[in-house]
Amino acid sequence: MAGELETEVGRLEEQLKVAREAGDLEMEACAVHDTGALHLEREPSKAEPFLQRALELFERAGLKDGHAYSLLNLAIVRESQGDLGEARRLLEDAMTLVSQDGLESVKTHAIAQQGRLELAEGNLGKARNLFILALERTEQTGDRPLAEVMPSLVSCYRQLGELSEARVVLECHLAALLREGFFPFAVQAHELLTDILEEE
């Protein structure tokens, strides 16, 4: 996975160089944002400067969806730092953009992020329901499977003692990942499923 990360970061650095040479603000913003998103799960503090810069670039370009995604990812950074109040404020700002501009795919990610915050605050039932809602929306809209939500959802199911429900969701999710060709995420889902099967 580390090698894949380095390869992807290298590709984005090249994309960023091309964007700056061409004066393409949208391409630059996307490359900066995606670099931050790559670092998000492993090193949130390393992601922060990229996401802050992306937020500025998306605002300058008037790209509401990129602006909202940057806010959501910054909320994850704040959550990882234990600043749940600021994380919730950033989430609310993103949701305001979503409601104003009808950004349906962003709304799905915002719902998932709200679930993460509810989980962090110990509101397990509410968190589970939000995660499930986000997953259902991806099925309805045809968006890519929300692989990043699965560790949090499984953690929620574990704390609720609902291991059989976790197994069913993971089996469906793993099948979707394999069908769509998201093999690195499928490996993660398979590992989670193996853990649940051992615990049942």
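All figures in this text were calculated on a predicted structure; none of them were measured in a lab.

Q: How would you explain the nonpolar core if you had to name every residue and give the values?
A: In this structure, L135, V149, M150, L153 and L170 are the most contacted members of the largest nonpolar core, which totals 28 residues. Only α6 (104-120), α7 (124-141), α8 (150-160), α9 (163-180) and α10 (183-199) provide two or more residues apiece to this core. Ranked by size, the runner-up nonpolar core spans 21 residues in total, among them A68, V77, L97 and L103.

Q: Just give me the short version of the pattern of salt bridges, but keep the residues and values in it.
A: This structure, assessed with the given rule, holds 15 salt bridges. Across the pair E28 and R20 runs a salt bridge whose closest N-O atoms are separated by 3.2 Å. When its relative accessible area of 11% is taken as the criterion, E28 is described as buried. On the accessibility criterion, R20 (49% relative accessible area) is partly exposed. Among the ionic pairs, E121 bridges to R88, the shortest N-O distance being 3.0 Å. On the criterion of sequence distance, the pair formed by E121 in the loop between α6 and α7 and R88 in helix α5 (residues 84-101) is long-range, its members being 33 residues apart. In this structure E121 comes out as partly exposed when scored by relative accessible area, which is 38%. Taking relative accessible area as the criterion, R88 reaches 21% and is therefore assigned partly exposed. Here the salt bridges share partners, and the residues they tie into one network are R20, E28, R53 and E56.

Q: Describe the environment of S105, naming the residues involved and giving the relevant values.
A: Mapped onto the fold, S105 is located in helix α6. S105 sits in the partly exposed class, given a relative accessible area of 30%. In this structure the C-alpha to C-alpha distance between S105 and C172, which are 67 residues apart in sequence, comes to 21 Å. Once residues within four sequence positions are removed from consideration, S105 is found in contact with Y69 and D143.

Q: For the side chain of R137, give the residues involved together with the corresponding values.
A: Mapping R137 onto the fold places it in helix α7. Side-chain polar atoms of R137 contact the side chain of T108, separated by 3.0 Å. Setting aside its immediate chain neighbours within four residues, R137 contacts E104, K107, T108 and I111.

Q: An account of the packing of α9 against α10 is requested, with residue identities and associated values reported.
A: The contact between α9 and α10 brings their axes to 9 Å, and the two run at 160°. In this view, α9 runs roughly antiparallel relative to α10, as classed from their interaxial angle. For the pair α9 and α10, the crossing hand works out as left-handed. Residues L163, A166, R167, L170, E171, H173, L174, L177 and L178 of α9 lie in contact with α10, whose contacting residues are F183, F185, A186, A189, H190, L192, L193, I196, L197 and E199. Residue classes in the contact of α9 with α10 are distributed as 14 nonpolar, 2 polar and 3 charged.

Q: Which residues make up helix α3 (residues 44-61), and what values do they have?
A: Taking 1.5 Å as the rise per residue, α3 with 18 residues should run 26 Å; its terminal C-alpha atoms sit 25 Å apart, in good agreement. Those residues of α3 lying buried are P44, A47, E48, L51, A54, L55, L57 and F58. Looking at the packing, one finds that the buried side of α3 touches α2 (25-40) and α4 (64-80). Note on α3: the residue one or two positions beyond its end, G62, has a positive phi of about 70°.

The rules behind the values
Residues numbered from 1 in each chain as written. Predicted model: local features only at pLDDT ≥ 70, side-chain atom pairs only at ≥ 80, totals over all residues. Heavy atoms only, no water. Core = buried A, V, L, I, M, F, W, Y, C linked by side-chain atoms within 4.5 Å. Buried < 20%, exposed > 50% of the residue type's maximum accessible area, 1.4 Å probe, protein only. Helix = DSSP H or I, 4+ residues; strand = E, 2+ residues; numbered from the N terminus. Salt bridge = Lys/Arg side-chain N within 4 Å of Asp/Glu carboxyl O. Contact = heavy atoms within 4.5 Å. Polar contact = N/O pair within 3.5 Å; in protein donor to acceptor, adjacent residues only side chain to side chain. Axes fitted to C-alpha atoms, helices over the stretch in contact; angles between N-to-C directions. Parallel < 35°, antiparallel > 145°, perpendicular 65-115°, else oblique. Left-handed = near helix turned anticlockwise from the far one by under 90°. Nonpolar A, V, L, I, M, F, W, Y, C, P; charged D, E, K, R; others polar. Expected span 1.5 Å × (residues − 1).

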